[in-house]
Amino acid sequence: MSLDRRQFLKTVSVLTGSAVLGPYTSALASGEFHGWPDRYGMLTDFTECVGCRSCEKACNEVNHLPQPEVPFDDKSVFDTQRRPTAHAYTVVNRYENTGDPGKPIYRKVQCNHCNEPACASACPIHAYTKTPEGPVLYNENLCFGCRYCMIACPFYVPAYDYASAFEPRIVKCVMCYDRIREGKIPGCAEACPTQSVTFGKRSDLLKLAAEKIAKDPERYIDHIYGEREAGGTGWLYISGVPFEQLGFSTDLPEKPMVEEVKGFLSSVPVVFTVWPALFGSIYAASRHHEAYTREEMQHQSKEGGKEK
């Protein structure tokens, strides 16, 4: 089987991070992922989405992001295909409906929160964490800007904040993790007026999706995207048209990315694995030292002011 350029780079990224993290056997689940059965997820029903962008607005507000250049009620954004950015953790794109030209299809795009995330496997300094609750989190204080995660992600999700050249930062959806821990639901699901976005336990969402498809087979294609792709994802999708028509990658393996390339791990040169981790550790230590120094200076300044 031949590999295209991006697939090759993706493989190298996963290999590099995995080799730094330790033997691949410790990073992989055997076969299908069975851990954390009560983890949460999201289900998007594209047959219900009307392209109102309420989810974008809610995400913007919940994550304290700057106002977009194009207002949320301006439909001109649908003239181009968009990806999540440092200023938009989720976006909605419009696609033509060949079966019903007068009724376009809208697709919400954000991090899919993989069961076994390739971004975490590729990261040489553990900046990514797969939580027991389901969301995949990112620690910007550890990141040193290698961007292996961007190459490794099979869904092209992580975005790099190019405005902060001296403060490397990857930005992406975290499924409103803080809200989940507070017993709330993610902002996009709460704001959706048509209930095309549903939050719940992943196992329940899979049942709900299957029930919808079985109940109305004329409306849906018989496939739940994310159930098995790349080892399975926390964000699931059902659609009335084939997923490739909506820009989805439909040639992904069912096994996690690391599982696909584990046979190559032993041949990765040490220089490709040790150096990024060493550099990252030094960078992270420097960041922590700078933060500690600033706190000390602020503390001393306050103390000095009290003495006066």
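Heads up: these notes are all about the structure in this document. (Residues numbered from 1 in each chain as written. Predicted model: local features only at pLDDT ≥ 70, side-chain atom pairs only at ≥ 80, totals over all residues. Heavy atoms only, no water.)

**Some points on the overall build of the protein chain**
Scanning the protein chain from terminus to terminus reveals ten helices and nine strands. Put simply, the protein chain has 308 residues, and 47% of those count as buried. (Helix = DSSP H or I, 4+ residues; strand = E, 2+ residues; numbered from the N terminus. Buried < 20%, exposed > 50% of the residue type's maximum accessible area, 1.4 Å probe, protein only.)

**Describing the pairing of strand β2 (residues 91–95)**
Most of β2 sits out of view: four of its five residues are buried. Note: β2 against strand β3 (residues 105–109), five bridges, orientation antiparallel. Bridged to V92 within β3 is K108. (Pairing = 2+ DSSP bridges.)

**Overview of the pattern of salt bridges**
Throughout the structure, instances matching the rule amount to eight salt bridges. Here E48 makes a salt bridge to R219, at a shortest N to O gap of 3.3 Å. One end of the pair, E48, is in the loop between β1 (40–45) and α3 (54–62); the other, R219, is in the loop between α8 (202–215) and β9 (235–238), and 171 residues separate them in sequence. Given a relative accessible area of 25%, E48 falls into the partly exposed group. Judged by relative accessible area, which is 33%, R219 ranks as partly exposed. Between K184 and E182 there is a salt bridge, and its shortest N-O distance comes to 3.5 Å. Three or more residues are tied together by salt bridges with common partners; here these are R53, E56 and R82. (Salt bridge = Lys/Arg side-chain N within 4 Å of Asp/Glu carboxyl O.)

**Quick word on the packing of aromatic side chains**
Within the structure shown, the criterion is met by eleven aromatic pairs. Aromatic pair Y225 and Y237: ring centres 6.3 Å apart, planes at 65°, arrangement edge-to-face. Taken together, the positions of Y225 in the loop between α8 and β9 and Y237 in strand β9 put the pair twelve residues apart, joining distant regions of the chain. In this structure Y237 comes out as buried when scored by relative accessible area, which is 2%. (Phe/Tyr/Trp six-rings, centres within 6.5 Å; stacked < 30°, edge-to-face > 60°.)

**Here's the deal with the nonpolar core**
Judged by nonpolar contacts, the single largest core of 38 residues is most densely connected at M42, F155 and W235. If you look at the next biggest cluster of nonpolar residues, it comprises 13 residues, including A120, I125, Y138 and I170. (Core = buried A, V, L, I, M, F, W, Y, C linked by side-chain atoms within 4.5 Å.)

**Some thoughts on the sheet that holds β9**
Ordered in space as β8-β1-β9, the three strands form an open sheet in which the pairing is mixed. With partners counted over all chains shown, the strands left at the sheet margins are β8 (197–201) and β9, one partner each. Mean inter-strand twist for the sheet, computed between neighbouring axes without regard to direction, equals 25°. This element, α8, spans β1, β8 and β9 of the sheet and lies at about 130° to β8. (Axes fitted to C-alpha atoms, helices over the stretch in contact; angles between N-to-C directions. Contact = heavy atoms within 4.5 Å.)

**Focus: the pairing of β1**
Extensive coverage of β1 is indicated by the burial of five of its six residues. Bridge analysis of β1 against β8 gives five bridges, and the strand direction is antiparallel. The partner of L43 across the bridge, within β8, is T198. Pairing of β1 with β9 involves four bridges; the strand directions are parallel. Within the sheet, the bridge partner assigned to L43 lies in β9 and is L236.

**Topic: the side chain of E56**
Within the secondary structure, E56 is located in helix α3. There is a polar contact of 2.7 Å between the side chain of E56 and the side chain of R82. Setting aside chain neighbours within four positions, we find E56 in contact with F72, R82, T90, V91 and V92. (Polar contact = N/O pair within 3.5 Å; in protein donor to acceptor, adjacent residues only side chain to side chain.)

**Points about α8**
The terminal C-alpha atoms of α8 lie 20 Å apart, and with 14 residues this matches the ideal 20 Å at 1.5 Å per residue to within 8%. On the buried face of α8, the contacting elements are β1, β8 and β9. (Expected span 1.5 Å × (residues − 1).)

**Some words on unusual backbone geometry**
Backbone geometry places H126, a non-glycine residue, at a positive phi of 60°. As for its placement among the helices and strands, H126 is situated in the loop between α4 (118–122) and β4 (128–130).

**Examining the side chain of S196**
As for its placement among the helices and strands, S196 is situated in the loop between α7 (187–191) and β8. Taking relative accessible area as the criterion, S196 reaches 4% and is therefore assigned buried. Apart from residues no more than four positions distant in its own chain, S196 is found in contact with L43, T44, D45, E48 and C49.

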